[in-house]
Amino acid sequence: MTDDALDAVLQRVSERVTPDADERERLRAVAAELTERAEAAIDDLPVDADVTQVGSSARSTWLAGDRDIDLFVRFPTEIDREALERYGLDVGHAVLPEGHEEYAEHPYVKGEYEGFDVDLVPCYAVDAATEIRSAVDRTPFHDAFLQARYTPELAEAARLLKRFMKGTGVYGSDLRTEGFSGYLVELLVLEYGGFRPLVDAAAEWHPPVRFDLRGDGGPAAVPPDVAEAAEFDDPLVVIDPTDPDRNVAAVLSAANLARFQHYCRELLDEPRESLFFPESTDPIDASEVREHLDRRGTHAVAVVFETPDVVEDQLYPQLRRSLGGVTDELDRRGFETLRATTFASGVGEASSGRSVLFVETGVNELPAVERHEGPPVHVGDHAASFYDAYADDESTYGPFVDGDRYVVEREREHRTPEALLRSDTLFDVALGVHVETVLQEEYEVLVGDETATLAEEFGKELRAYFEPAV
């Protein structure tokens, strides 16, 4: 690989992701109009407040074609949470009459205006990010920190990095993705001074990796000599320069950090635009799923149920917890989980979809009996109690002595994975609270080739599962 080859790729990508003058002016005009509408709505309230634009659209780090505008309405700290929510929604609905309410830590209004996706979020006007009363109170400080330090060159680098992370599937701080947030991207670019230096360094990172950008003591930063940064166990630690008790990379999974490093090496070894703009893949169909299962010789089971009516950031941690509980129990019972995944449709939508816990095991059926070892014969009362418990049990083989201990062979409770999953044993494993509630109402278990029917609804997810890549 030559520097010229990489530079050429980055130049072409930059041209594709940089908004042109018309797009910039259009966003500026719409944001100004929305701000005026918000200020007019605030004038009708019995409290003072102000409006600030935050996020990538405020810092010129958004990608061409992205049409998001984030406006925060800052209220005085003297009002309580109920009043904050009420006034915030009043302003939101006044600005976006066709908008709808969504919920993060508290409700806000989301809608479309002149072709732009708009979030209008209430927060407290705290004096510092270390004094937040709501998680969103930090956001204006994040914006102030970056606005004071970013240059057009850094903005270009941030756009490149965001597009690279989107192309490689590691961008997004939602709990479904567990990737890099936009704020984290922009802090890393600031730390390294550009896209290429960051990629060069990240390719050689040896996690855990830690960064603290508070050194310049500029606007919105909490200088190191004012507050000591907390300790974290995450693979990537980026101390929030506005709140040193927070790791900006806390959501990032170890797997997505590893993927990012892998693709940094790929980009350096073989620069290509497809790492930024990968081709879309077609969904897998049922016949292909059956072919994969036949080739793999595994036993597939899927627990299928109605998607719980919770927001995405609540659902996916619960799905992962439930999947872990199921696979742990299958392993404990001897069914040897090979791989497993979870996916869902209808998340956060008016009409619910379906959620799936999909598991492949290496064992499809176990013997009717299982070995159960007791204590060594010489262990007095304990050994005698074990012997007496089974001595008259005609359903067991034994007790007999194997080596120096009592052993029985007793009837196995569940011989197949599907038998376990169809039984009440499913509710003895660790399940997400909303997942468990839905399962108690109704669920079905698909077995073997039956799981191929899921391809109609989850073809893309099953393609990614059966044809895995980094």
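Shown above is the structure to which this text applies.
Residues numbered from 1 in each chain as written. Predicted model: local features only at pLDDT ≥ 70, side-chain atom pairs only at ≥ 80, totals over all residues. Heavy atoms only, no water.

Okay, the packing of helix 6 (residues 152-167) against helix 7 (residues 182-192) next. Orientation of helix 6 relative to helix 7, taken along the N-to-C sense of each, is 130°, at an axis distance of 9 Å. Considering their axes alone, helix 6 and helix 7 lie oblique with respect to each other. The way helix 6 lies across helix 7 gives a crossing that is right-handed. Here Leu 154, Ala 157, Ala 158, Leu 161, Lys 162 and Met 165 of helix 6 lie close against helix 7, whose contacting residues are Gly 182, Val 185, Glu 186, Val 189 and Leu 190. For the contact of helix 6 with helix 7, a count of residues per class yields eight nonpolar, one polar and two charged. (Axes fitted to C-alpha atoms, helices over the stretch in contact; angles between N-to-C directions. Helix = DSSP H or I, 4+ residues; strand = E, 2+ residues; numbered from the N terminus. Parallel < 35°, antiparallel > 145°, perpendicular 65-115°, else oblique. Left-handed = near helix turned anticlockwise from the far one by under 90°. Contact = heavy atoms within 4.5 Å. Nonpolar A, V, L, I, M, F, W, Y, C, P; charged D, E, K, R; others polar.)

Residue placement: Ser 173 occurs in the loop between helix 6 and helix 7. For Ser 173, a relative accessible area of 36% gives the class partly exposed. With 75 residues separating them in the primary sequence, Ser 173 and Val 248 have C-alpha atoms 9.8 Å apart. Once residues within four sequence positions are removed from consideration, Ser 173 is found in contact with Gly 179, Phe 180, Ser 181 and Val 251. (Buried < 20%, exposed > 50% of the residue type's maximum accessible area, 1.4 Å probe, protein only.)

Take the side chain of Thr 425 next. Turning to its location among the elements, Thr 425 is positioned in the loop between helix 13 (417-421) and helix 14 (433-441). On the basis of relative accessible area, Thr 425 is assigned to the buried category, the value being 6%. When sequence neighbours within four positions are dropped, the list of residues in contact with Thr 425 reads Glu 329, Arg 333, Glu 413, His 414 and Leu 420.

Turning our attention to helix 9 (residues 254-269). Residue pairs three or four apart in sequence face the same way in an α-helix, which turns once every 3.6 residues. Taking 1.5 Å per residue as the helical rise, helix 9 with its 16 residues ought to reach 22 Å, and the 23 Å between its terminal C-alpha atoms agrees with that figure. For helix 9, the full list of buried residues reads Asn 256, Leu 257, Phe 260, Gln 261, Tyr 263, Cys 264, Leu 267 and Leu 268. The inward-facing, buried residues of helix 9 contact helix 1 (3-17), helix 6, helix 8 (195-202) and strand 7 (236-240). (Expected span 1.5 Å × (residues − 1).)

Among the eight residues in strand 9 (residues 299-306), seven count as buried, and that is most of the element. As paired strands, strand 9 and strand 11 (residues 354-361) are joined by eight bridges and run antiparallel to one another. Note that in strand 11 the partner of His 299 across the bridge is Thr 361. As judged from the four bridges shared by strand 9 and strand 15 (residues 444-447), these two strands associate in the antiparallel manner. Along strand 15, the bridge assignment pairs Val 301 with Val 447. (Pairing = 2+ DSSP bridges.)

Read across the open sheet, the three strands follow the order 6-7-8; overall the sheet is mixed. With one partner strand each, in any of the chains shown, strand 6 (209-212) and strand 8 (243-247) form the two edges of the open sheet. In this sheet, adjacent strand axes meet at a mean angle of 20° when their direction is disregarded. For strand 6 and strand 7, the ladder comprises four bridges, and the chain directions are parallel.

So, about the environment of Val 379. Positionally, Val 379 belongs in the loop between strand 12 (369-376) and helix 12 (380-391). Remark: the alpha-carbon pair of Val 379 and Arg 405, spanning 26 residues in sequence, is separated by 9.1 Å.

Between its first and last C-alpha atoms helix 2 (residues 21-43) spans 33 Å; for 23 residues at 1.5 Å apiece the expected length is 33 Å, and the two agree. For helix 2, the full list of buried residues reads Glu 23, Leu 27, Val 30, Ala 31, Leu 34, Thr 35, Ala 38, Ala 41 and Ile 42. Next to the buried residues of helix 2 lie strand 1 (50-54), helix 3 (56-59), strand 2 (68-75), helix 4 (81-95), strand 4 (107-113) and strand 5 (116-124). For helix 2, the capping residue at the N-terminal end is Asp 20, with a side-chain oxygen 3.2 Å from the backbone nitrogen of Asp 22. (Polar contact = N/O pair within 3.5 Å; in protein donor to acceptor, adjacent residues only side chain to side chain.)

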